[in-house]
Amino acid sequence: MHKLQYKTAGKPVEETGKALIMIHGRGGSAEDILSLADALPVEGFTLFAPQASE
């Protein structure tokens, strides 16, 4: 059974008003994809990363 799971990073969306949804590939994780935020110009965004079911 699929269970909705996701991780967030950055300020709350109520503060930013902008969201970026980051999707990981097979074998990856929500934490992996969120770590890319350090190399991207995402200041001012709330980041969401869904975690795929196993």
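The coordinates are above.
Rules used throughout
- Residues numbered from 1 in each chain as written.
- Predicted model: local features only at pLDDT ≥ 70, side-chain atom pairs only at ≥ 80, totals over all residues.
- Heavy atoms only, no water.
- Helix = DSSP H or I, 4+ residues; strand = E, 2+ residues; numbered from the N terminus.
- Polar contact = N/O pair within 3.5 Å; in protein donor to acceptor, adjacent residues only side chain to side chain.
- Contact = heavy atoms within 4.5 Å.
- Salt bridge = Lys/Arg side-chain N within 4 Å of Asp/Glu carboxyl O.
- Buried < 20%, exposed > 50% of the residue type's maximum accessible area, 1.4 Å probe, protein only.
- Pairing = 2+ DSSP bridges.
- Axes fitted to C-alpha atoms, helices over the stretch in contact; angles between N-to-C directions.
- Phe/Tyr/Trp six-rings, centres within 6.5 Å; stacked < 30°, edge-to-face > 60°.
- Lys NZ or Arg CZ within 6 Å of the ring centre and 35° of its normal.

So, about the side chain of Thr 16. Residue position: Thr 16 is located in helix H1 (residues 13–16). At 3.0 Å, the side chain of Thr 16 and the backbone oxygen of Lys 18 are in polar contact. Filtering out sequence-adjacent residues up to four positions away, Thr 16 remains in contact with Lys 11, Gly 44, Phe 45 and Thr 46.

Taken as a whole, this structure holds one salt bridge when the rule is applied. The residue Lys 7 makes a salt bridge to Glu 31 at a minimum N-O spacing of 3.4 Å. Of this pair, Lys 7 sits in strand S1 (residues 6–9) while Glu 31 sits in helix H2 (residues 30–34), placing them 24 residues apart in sequence. Its relative accessible area of 43% is what places Glu 31 among the partly exposed residues.

Taken in spatial order, the three strands make up an open sheet running S1-S3-S2, and their pairing is mixed. Strands with a single pairing partner mark the edges of an open sheet, and in this sheet they are S1 and strand S2 (19–21). Sheet twist, expressed as the average angle between the axes of neighbouring strands with direction ignored, equals 20°. Sheet topology places S2 next to strand S3 (residues 46–50); three bridges connect them, and they run parallel. Its bridge partner lying in S3, Leu 20 is registered against Leu 47.

Our next topic: the packing of aromatic side chains. Pairs of aromatic rings are described using the distance from one ring centre to the other and the angle between the two planes. Applying the stated criterion across every chain, the model contains one aromatic pair. Both rings, one in Tyr 6 and one in Phe 48, keep their centres 6.0 Å apart while their planes meet at 50°; by these two values the pair is tilted. Separated by 42 residues along the polypeptide, Tyr 6 in strand S1 and Phe 48 in strand S3 bring together distant segments of the chain. By relative accessible area, Tyr 6 is classed as partly exposed at 48%. When the ring centre of Phe 45 is taken as origin, the NZ or CZ atom of Lys 18, which lies over that ring, is 4.6 Å away.

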